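Reading the structure
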Protein chains: 2
Amino acid sequence: MIKHKKNITIYDIAKKANVSPTTVSRVLTGSPLVKESTRQLVRNIMDEVDFTPNEAARNLITKQTNTIGFILPDITNPFFSQVYIEVERKALELGFNILLRNSMGRSEVESQYLKEFTEKRVACIVFMGGRINKSNPSDQEVNEILEVMNKVPIIMVNGKMKGVNCYRIRTNEEMGIDLIIDHLIELGHKEIALIGGIKGITSTDCKTVAFKRAMKKYNLKFIQDWVIPTGFSIEDGKAAMKQLLQNKQLPTAILGINDLVIYGAIRECREQKIPTSTFSFTGFDDIFPSDIVHPSLTTINHNYDILTSEIVKVIQNLKDGKVGIKGKIIDTKLVIRESTRKV
Amino acid sequence: MIKHKKNITIYDIAKKANVSPTTVSRVLTGSPLVKESTRQLVRNIMDEVDFTPNEAARNLITKQTNTIGFILPDITNPFFSQVYIEVERKALELGFNILLRNSMGRSEVESQYLKEFTEKRVACIVFMGGRINKSNPSDQEVNEILEVMNKVPIIMVNGKMKGVNCYRIRTNEEMGIDLIIDHLIELGHKEIALIGGIKGITSTDCKTVAFKRAMKKYNLKFIQDWVIPTGFSIEDGKAAMKQLLQNKQLPTAILGINDLVIYGAIRECREQKIPTSTFSFTGFDDIFPSDIVHPSLTTINHNYDILTSEIVKVIQNLKDGKVGIKGKIIDTKLVIRESTRKV
DNA sequence: TTGTACGCGTTATCAG
DNA sequence: CTGATAACGCGTACAA
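Report follows, based on the coordinates. Keep in mind that this is a model prediction, so the values were computed, not measured.

**Focus on the overall build of chain A**
Scanning chain A for helices and strands turns up 12 helices and 12 strands. Taking 2.2 N^0.38 as the reference for a compact globule, 343 residues should give roughly 20 Å; the C-alpha atoms of chain A span a radius of gyration of 26 Å, well beyond that estimate. The C-alpha extent of chain A, read off along each of the three principal axes, is 90 × 40 × 35 Å. Across the 343 residues in chain A, those meeting the buried criterion constitute 55%. Long-range contacts, defined here as pairs at least 24 residues apart, represent 71% of the contacts in chain A between residues at least 6 apart. For chain A, the computed accessible surface area is about 15200 Å², with 52% contributed by carbon and sulfur atoms.

This is the structure:
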């Protein structure tokens, strides 16, 4: 790495200003215990020599940072970026900045970043996706979380771990599924499929359970061939739709584990020259493209503002040394667009 | 903030292991100058007492970080997140991690983050959007960049600043426009509009100039009322389309400053019950929704892999102390989908 | 209102 | 292969 000029320190400033390093430090921290004239003098010299304080030195002595570690699977997924950007905005107002790490859902990457965060002495960690969404995480995955929690508080968003008593904020996914089914029933649908997701991932398992329960509630028959857990991506949605279309009997409504799989499902219909109006489609997450695809997507919105506010509220409490409530469930809301219609 | 247990340092480890702190440090840095048995001993004790080295202390003494500061307007915009994630992945292989900051295109936010980056002693700064896209940045904006460059190298992506001799990687936007116009001409289009963007932003100015030049080349008339620079968002695209539709005479093809504005334009057509097949639409950027909207969008791809590789190549050179080439232009490529057809 | 002296936790230097 | 000692740059009791 290219070497830069000699580092300028508060000692250099102090010498030039004929004051002590302490005074310079006080100017830096904005202490009121400095005469206005000397403050100006010091400031001027700082500007003059282009002084930049060293954050590492400050962190070392103060033993804290204003950094929040944020682990999520993939920031290019609009669901995560929507949550991320809102948390960032709100945390900024509290004086925190965020360190983002993309785990790609891989456990060993998560481990690496958890280690990095503890070495950096972050104020707290916000965790989304990956291991905290596994219905059965490994002992090692759990223990690692517990060890980290010994040093830095963890906030799990839309996830949990058996035996791990950390802060948890989660959207009410069951409620979301109920809202969708109610809506479809109202439109006269009786034959409903569920595509996408992966068994063993809580968001999938949880939605599947809610789906079965809701179907039962309305006395509708649950057809195993219409539940196709292929994954969470657009491609996975395509694949699921392809598979679904091979059934002799077809549903009238298709429920996606998230918005992305429905984008894929709709595209698959187009490629097979099947009118998209053949089915009613519903997504989950209400990410931004759902408003611009055609047909625009009826889906479940996470109440992002409330969700992210609750995350930041925990951070605020942590900062203030308050304990606060450890678990919080956020209501979801149905957003009706063009993709659902009367049967 | 909640207080944790007393910090464990290499001194504590040293005492327990009956070795010197130096030896512990050597284990930490992976120095070969340690007997294997003592290395194991030290490692065991570290695990036992759950020791986590303090990065601030390390950064303070080594005077460097493996962090790359990354400023971009908004990570929720797929264009930026696509570039970001690729740079992150490639930089990771070089041992760098990335510190992301969203400027929202606001100059004062950029200033704040530039300051943060220099205080953090980041290895280099990757800069996208905001002031580096202004055709006429203020003196202050330029000077600030120059001052920062005195301390840390800056890589500008798709931007430049007069009188600022930093590393620059940019996509060949003119080429992109040429490719689009050639394609439209081939399809028989002669009446072409350009919507979106903002005057004074280089990406807009640059594309507009290329557009005019291409039109002239084919002896097509440039109609001022068909150039509608409303902005860069979906909403801005809607607004532009609304305005365009008020013209008595309409174009047969509509060229968007980016993909997002075309999403908006298409939606506006739908809302006004105008068949989307009335026009041929072209975008710019080839962000992921362009493949799933309907009609899917003919657009210009930035060659993201090459673009991001070039960014990381500069970082690599910086790390190795090489100088390398300061400017690099990346070819673009046309992606033909459903939104363009014969006139 | 200002200054002295020390500590934060690690790596670098040099000696053994 | 190991250790003693000195940095790194800043904040903070405590003293003046």
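That was the structure; now back to the text.
**Comments concerning the protein's contact with DNA strand D**
The environment of DNA strand D is made up of 28 residues, and the closest members are A:Ile10, A:Ser25, B:Thr22, B:Thr23 and B:Arg26. When atoms of DNA strand D within 4 Å of the protein are split into backbone and base, the sugar-phosphate part holds 60%. For DNA strand D, a base nitrogen lies 3.1 Å from a polar atom in the side chain of A:Tyr11. Between DNA strand D and the protein, one listed contact pairs a phosphate oxygen with a backbone N or O atom of A:Asn54 at 3.1 Å. Those elements giving two or more residues to the surface near DNA strand D turn out to be α1 (10-17), α2 (21-29) and α4 (55-62) of chain A together with α2 (21-29) and α4 (55-62) of chain B.

**Brief notes about helix α12 (residues 304-320) of chain A**
Residues and elements named next belong to chain A. Helix length check: α12, at 17 residues, gives a terminal C-alpha distance of 24 Å against a target of 24 Å (1.5 Å per residue), a fit within 8%. Along α12, the positions that sit buried rather than exposed are Tyr-304, Leu-307, Thr-308, Glu-310, Ile-311, Val-312, Val-314, Ile-315, Asn-317 and Leu-318. Just beyond α12, the residue with positive phi is Gly-321, at close to 80°.

**Some details on the pattern of salt bridges**
Evaluation of the coordinates by the stated rule reveals 50 salt bridges over all chains. A salt bridge links A:Glu36 to A:Arg39, with the shortest nitrogen-to-oxygen separation between them at 3.4 Å. Taken together, the residues A:Glu36 and A:Arg39, both in helix α3 (residues 36-49) and 3 residues apart, mark about one turn of the helix. In this structure A:Arg39 comes out as buried when scored by relative accessible area, which is 10%. Notably, a salt bridge pairs A:Arg58 with B:Glu119, separated by 3.3 Å at the nearest N-O pair. Here B:Glu119 lies in helix α6 (residues 107-120) and A:Arg58 lies in helix α4, a pairing that spans two chains. Here the residues in one salt-bridge network are A:Glu86, A:Arg89, A:Lys90, A:Glu93 and A:Asp305, joined through shared partners.

**Some thoughts on the pairing of strand β1 (residues 67-72) of chain A**
Residue and element names in this part refer to chain A. Counting buried positions along β1 gives 6 out of 6 residues, so the element sits mostly inside the fold. Along β1, one buried face is formed by Thr-67, Gly-69 and Ile-71 and the opposite face, lined by Ile-68, Phe-70 and Leu-72, is buried too. Relative to strand β2 (residues 97-102), β1 runs parallel, the two being bridged by 6 bridges. Each residue of the ladder has a partner; that of Phe-70, found in β2, is Leu-100. In this fold, the crossover linking β1 to β2 by way of helix α5 (residues 78-93) has right-handed handedness. Relative to strand β3 (residues 124-128), β1 is paired through 4 bridges, and the arrangement is parallel. Along β3, the bridge assignment pairs Gly-69 with Ile-125.

**A few points about the sheet that holds strand β1 (residues 67-72) of chain B**
All names here are of chain B. On the basis of which strands lie adjacent, the open sheet formed by 6 strands has the order β2-β1-β3-β4-β5-β11 and parallel pairing. For this open sheet the edge positions go to β2 (97-102) and β11 (327-330), each flanked by a neighbour on one side alone. Direction aside, the axes of adjacent strands within the sheet are offset by 15° on average. As judged from the 4 bridges shared by strand β5 (residues 167-171) and β11, these two strands associate in the parallel manner. Bridging across to β11, Arg-170 finds its partner in Ile-329. Contacts between α6 and the sheet are confined to β1, β2 and β3 (124-128), with β2 contributing the most and set at about 155° to the helix.

**Overview of α6(B)**
Residues and elements named next belong to chain B. Compared with an ideal rise of 1.5 Å per residue, which puts 14 residues at 20 Å, α6 spans 20 Å between its outermost C-alpha atoms and is within 8% of the ideal. Among the residues making up α6, those that are buried are Ser-107, Val-109, Glu-110, Ser-111, Tyr-113, Leu-114, Glu-116, Phe-117, Thr-118, Glu-119 and Lys-120. Note on α6: the residue one or two positions beyond its end, Arg-121, has a positive phi of about 55°.

**Some details on the interface of chain A and chain B**
Across the contact, 61 residues belong to chain A and 61 residues belong to chain B. Across the contact surface, chain A and chain B share 6 salt bridges. Elements that contribute at least two residues to the side of chain A that touches chain B include exactly α4, α5, β2, α6 (107-120), α11 (259-271) and α12 of chain A. Tallying contributions element by element places α5(A) first for the side of chain A that touches chain B, with 7 residues.

Conventions used here
Residues numbered from 1 in each chain as written. Chains lettered and ligands numbered in written order. Predicted model: local features only at pLDDT ≥ 70, side-chain atom pairs only at ≥ 80, totals over all residues. Heavy atoms only, no water. Helix = DSSP H or I, 4+ residues; strand = E, 2+ residues; numbered from the N terminus. Rg over C-alpha atoms; globule rule 2.2 N^0.38 Å. Buried < 20%, exposed > 50% of the residue type's maximum accessible area, 1.4 Å probe, protein only. Contact = heavy atoms within 4.5 Å. Areas by Shrake-Rupley, 256 points an atom, 1.4 Å probe, with all protein chains shown as cover. Near = heavy atom within 4 Å. Polar contact = N/O pair within 3.5 Å; in protein donor to acceptor, adjacent residues only side chain to side chain. Expected span 1.5 Å × (residues − 1). Salt bridge = Lys/Arg side-chain N within 4 Å of Asp/Glu carboxyl O. Pairing = 2+ DSSP bridges. Right-handed = clockwise from strand over helix to strand, strands pointing away. Axes fitted to C-alpha atoms, helices over the stretch in contact; angles between N-to-C directions.

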